[in-house]
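Remarks on the overall topology
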Amino acid sequence: MARWICKKHLFRRTEYICSCCGCRSDRPYVECPNCGSPMGGSKYDPEWVDEIEEIDAIFDD
Ligand SMILES: [Zn+2]
């Protein structure tokens, strides 16, 4: 069963990524809006995204 992978960001709102198709959503819908997979309840897999590269990109202008 598909599930949302919860991606926390330092400077942006948390994203939820479909484990089935990789679609990004701003909230954990019951079904993936992209591939339609039903999500397995509230079983998230929180992980912090390394933002260092993005921060470098902002200041490297
Ligand atoms: Zn999906």
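Residues numbered from 1 in each chain as written. Predicted model: local features only at pLDDT ≥ 70, side-chain atom pairs only at ≥ 80, totals over all residues.

1. Some words on the pairing of strand S2 (residues 15-18)
In regular strands, side chains alternate between the two faces of the sheet. Going residue by residue along S2, you find Tyr 16 and Cys 18 tucked away on one face and Glu 15 and Ile 17 left uncovered on the opposite face. Following strand S1 (residues 4-8), the chain reverses through 6 residues before pairing antiparallel with S2. Pairing of S2 with strand S3 (residues 24-25), which is carried by 2 bridges, proceeds in the antiparallel orientation. Across the sheet, residue Tyr 16 finds its bridge partner in S3, namely Ser 25. What sits between S2 and S3 in their antiparallel hairpin is a turn of 5 residues, with Gly 22 showing a positive phi close to 85 degrees. (Buried ≥ 20, exposed ≤ 12 C-beta atoms within 10 Å, placed from the backbone. Helix = DSSP H or I, 4+ residues; strand = E, 2+ residues; numbered from the N terminus. Pairing = 2+ DSSP bridges.)

2. Regarding the pairing of S1
In this structure, S1 lies alongside S2, joined through 4 bridges in antiparallel fashion. Counted as the bridge partner of Lys 7 is Glu 15 from S2.

3. Some words on the environment of Cys 20
Residue placement: Cys 20 occurs in the loop between S2 and S3. Looking at Cys 20, the number of C-beta atoms within 10 Å reads 16, which means it is partly exposed. In this structure the C-alpha to C-alpha distance between Cys 20 and Cys 35, which are 15 residues apart in sequence, comes to 7.8 Å. With near-sequence residues (within four places) excluded, Cys 20 lies in contact with Ala 2, Cys 32, Cys 35 and Ser 37. (Contact = placed C-beta atoms within 7 Å.)

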